[in-house]
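# Fold and geometry: a report
Here is what each chain is made of, one letter per residue.
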Amino acid sequence: MFSIQRRALRRWARVQKSLIFDTRLGASAFSFDPIDIINFSNVDDAEDAKNCDFSGSKGGWRLSDDEVIGGFSRATLQLMKYDGFENDNKKNEDADSDKIENQLDRSFLRWEGKIDTRVAKGSQASRSGFCAIRSPDFIFNGINLKDRYNALELTCRVDSRNYTINLKPLSFIPDDLYQGQINHHSSF
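Conventions we followed
- Residues numbered from 1 in each chain as written.
- Predicted model: local features only at pLDDT ≥ 70, side-chain atom pairs only at ≥ 80, totals over all residues.
- Heavy atoms only, no water.
- Helix = DSSP H or I, 4+ residues; strand = E, 2+ residues; numbered from the N terminus.
- Buried < 20%, exposed > 50% of the residue type's maximum accessible area, 1.4 Å probe, protein only.
- Contact = heavy atoms within 4.5 Å.
- Areas by Shrake-Rupley, 256 points an atom, 1.4 Å probe, with all protein chains shown as cover.
- Polar contact = N/O pair within 3.5 Å; in protein donor to acceptor, adjacent residues only side chain to side chain.
- Patch = residues over 30% accessible without salt bridge, like charges linked within 9 Å, V, L, I, M, F, W, Y side chains within 5 Å.
- Salt bridge = Lys/Arg side-chain N within 4 Å of Asp/Glu carboxyl O.
- pLDDT = per-residue confidence, 0-100.
- Core = buried A, V, L, I, M, F, W, Y, C linked by side-chain atoms within 4.5 Å.

Bringing the overall build of the chain into the picture now. Along its length, the chain carries 3 helices and 6 strands. In sequence order, the secondary structure elements of the chain are arranged as α-α-β-β-α-β-β-β-β. Taking all 188 residues of the chain together, the buried fraction comes to 24%. Relative to all contacts within the chain whose residues are 6 or more apart in sequence, the contacts with residues 24 or more apart total 60%. Element-wise, carbon and sulfur atoms account for 50% of the exposed surface of the chain, whose accessible area totals about 14,200 Å².

If you want it as structure tokens, here you go:
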């Protein structure tokens, strides 16, 4: 349990350091560099991904699927190393070596779900069919970005389906959340 708290504290401190460093550099009120809230190349974030489970007891990412209500859908999560050339059989000879080196250090999560809309006999659920993941909790009531940012960027590769992203802010309203869509575009 102590290592879970240590990883959460280090993640929080890393983001706070980025915010403080950005302020001390004298960034204008309208220009702030992007910061990584979660980066799987970081040891603590990678450890949280490796400790993924359904209960959240390991402090990492949490999986959820409709098995909790008697459904048959199943979710999996795996930490992957990005090789930089996954969809390219031929390396670009003109590519900047620093750019390639940075790409080689990027890791990512591969989340997969097999959706099954059948409802088990005897289940109290009237419908079924979901898979979800949830990030580790942030300590100290999350990360105060101090009105510096007005957007969140997620890097995702999706199949032909659309996905929903829920962000839970610190709020006096229980179950308050922001919701966004990741829509598949055939031009990708």
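Back to the text.
To continue, consider helix 2 (residues 43–50). Within helix 2, burial applies to D44, D45, A46, D48 and A49. Two or three places before D44, at the opening of helix 2, N42 has a side-chain oxygen 2.8 Å from that residue's backbone nitrogen.

Judged by side-chain polarity, L152, L154, L167 and Y178 come together as a nonpolar surface patch covering roughly 420 Å² of accessible area. Mapped onto the elements, Y178 comes out in strand 6 (residues 178–182).

Take the confidence of the model for the chain next. Looking at the chain, pLDDT values average 77 and 78% of them are 70 or higher. Looking at the elements of the chain, mean pLDDT is at its lowest for helix 3 (residues 97–104), recorded as 46, and at its highest for strand 1 (residues 62–65), recorded as 91. For residues 85–101, every residue scores under 50 in pLDDT, and the model assigns this stretch 7 contacts once sequence neighbours within four places are set aside.

Right, let's talk about the nonpolar core for a bit. By size, the foremost hydrophobic cluster in this structure holds 9 residues: F40, A49, C52, W61, L63, A75, L77, L109 and C131. Discounting residues that sit within four places of it in the chain, C131 has contacts with S64, D65, S73, R74, A75, W111, G113, K114 and I115.

Attention now goes to the pattern of salt bridges. For the structure shown, the criterion picks out 8 salt bridges. One salt bridge in this structure joins E67 and R74, with 3.7 Å as the shortest N-O distance. Judged by relative accessible area, which is 33%, R74 ranks as partly exposed. A salt bridge links R118 to D116; the shortest N-O distance between them is 2.8 Å. Taken together, the shared-partner salt bridges in this structure form one network comprising R7, R11, R14, D45 and D48.

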